[in-house]
Amino acid sequence: MSVDPASKDALIDAILGSRKVFIYGSGRSGLVGQLFAVRLVQLGLDVHFVGEMTTPIIGKDDLTLLISNTGKTSSVVQTAVIARRIGSKIISVTGREECALNEVTDIPIVLRIDHDEEVARTAPLGTLFEDSALLLFDCIVCDIMEREGITEEDMRNRHAIWV
């Protein structure tokens, strides 16, 4: 898997420069997004997962991060269209260069993953995309920690089980 380093840095800048971060994906991509949301909360950021009952409305000073392997999942694309109309910055993480989601995204991040027949048998459907997205997000957490001087102890103090 490879990711354009400038795109990764742009995502970090957007996360740190936004009032709130909204994350959305459907299915397993959504689960990966929820994992990332938890880590961002532990970093001390104001983060919400789109679709939860307590999620506030997206605003123009916010970041909307959308995750979709195909980039054509209708609920994800529609979320991008709505967030764009509101004026939110939109960043997508997809497995495809050419897709509907990237057309309505300010910064598309494409995970370039080699696929072959053997991989399809051992990692069906979007498994490699989801695993790659999770690794990307975990690396971003580490980059934010370093950039902002946040320690693991700081994060542990924001961890729900320590309350």
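These numbers were taken from a predicted model, which means no experiment stands behind them.

**Brief notes about the sheet that holds strand β1 (residues 21-25)**
On the basis of which strands lie adjacent, the open sheet formed by five strands has the order β2-β1-β3-β4-β5 and parallel pairing. The outermost strands of the open sheet, each flanked by one partner alone, are β2 (47-49) and β5 (107-110). With strand direction ignored, the average angle separating the axes of adjacent strands in the sheet is 20 degrees. Relative to β2, β1 runs parallel, the two being bridged by three bridges. For I23, the partnering residue across the bridge sits in β2 and is F49.

**Re the pattern of salt bridges**
For the coordinates displayed, the defined rule picks out nine salt bridges. Close ionic contact of R147 with D13 constitutes a salt bridge, the shortest N to O distance being 2.5 Å. One end of the pair, R147, is in helix α6 (residues 127-148); the other, D13, is in helix α1 (residues 5-17), with 134 residues separating them in the sequence. A salt bridge links K60 to D61; its shortest N-O distance comes to 3.8 Å.

Rules used throughout
- Residues numbered from 1 in each chain as written.
- Predicted model: local features only at pLDDT ≥ 70, side-chain atom pairs only at ≥ 80, totals over all residues.
- Heavy atoms only, no water.
- Pairing = 2+ DSSP bridges.
- Helix = DSSP H or I, 4+ residues; strand = E, 2+ residues; numbered from the N terminus.
- Axes fitted to C-alpha atoms, helices over the stretch in contact; angles between N-to-C directions.
- Salt bridge = Lys/Arg side-chain N within 4 Å of Asp/Glu carboxyl O.

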